[in-house]
Amino acid sequence: MSDVERLVSDCRKQLGEAATADDMIAFLRSASQSKVGSMRALKRLLGISLTEAQRLVHFSDVWKDRREADEKFQDQFFDELRSSEPLDLLPYPPAVKFS
């Protein structure tokens, strides 16, 4: 059983099937899950897309203390991408000839 599967199982056992998404997010954070870990587990728990899990976690009351900083980081990241020259992240070595 993977860590995510174990976490999903623990969450279901602790909260039951009637738990809300907010209950699950609170459980995941109390289990020391990051926002990304919470999104992955919530995706499995609710059978939703990663985009929907991201929206639920980001806008939850449980993670509201991180919302402003995360949005600022994301805005700065995309501003930098838009204003920068394209990066050559994968320099290729000269072609190797095999004989």
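Up top is the structure these notes are about.
Here's a quick rundown of the structure. If you're wondering where the values come from, they're calculated on a predicted model, not measured in any experiment.

1. Quick look at the packing of helix 1 (residues 3–15) against helix 2 (residues 21–30)
Item 1. In contact at an axis separation of 10 Å, helix 1 and helix 2 are set at 120° when each is read in the N-to-C sense. In terms of orientation, helix 1 and helix 2 fall into the oblique class. For the element pair helix 1 and helix 2, the recorded crossing hand is right-handed. Two secondary-structure elements touch here, helix 1 through L7, D10, C11, Q14 and L15 and helix 2 through D23, M24, F27 and L28.

2. Points about unusual backbone geometry
Item 1. In this structure, S32 is a non-glycine residue whose phi angle is positive, near 65°.
Item 2. For S32, the location among the structural elements is in the loop between helix 2 and helix 3 (35–46).
Item 3. Classification of S32 by relative accessible area gives exposed; the value is 67%.

3. Some points on the pattern of salt bridges
Item 1. Applying the stated rule across the entire model yields 7 salt bridges.
Item 2. The closest approach of N and O atoms between K35 and D70, which form a salt bridge, is 2.7 Å. Residue K35 is found in helix 3, and its partner D70 is found in helix 5 (residues 64–83); the two are separated by 35 residues along the sequence. Like D70, K35 is buried.
Item 3. A salt bridge links D79 to R82; the nearest nitrogen and oxygen atoms lie 2.7 Å apart. With D79 and R82 both in helix 5 and 3 residues apart, this pair spans about one turn of that helix.

So, how was this worked out
Residues numbered from 1 in each chain as written. Predicted model: local features only at pLDDT ≥ 70, side-chain atom pairs only at ≥ 80, totals over all residues. Heavy atoms only, no water. Axes fitted to C-alpha atoms, helices over the stretch in contact; angles between N-to-C directions. Helix = DSSP H or I, 4+ residues; strand = E, 2+ residues; numbered from the N terminus. Parallel < 35°, antiparallel > 145°, perpendicular 65-115°, else oblique. Left-handed = near helix turned anticlockwise from the far one by under 90°. Contact = heavy atoms within 4.5 Å. Buried < 20%, exposed > 50% of the residue type's maximum accessible area, 1.4 Å probe, protein only. Salt bridge = Lys/Arg side-chain N within 4 Å of Asp/Glu carboxyl O.

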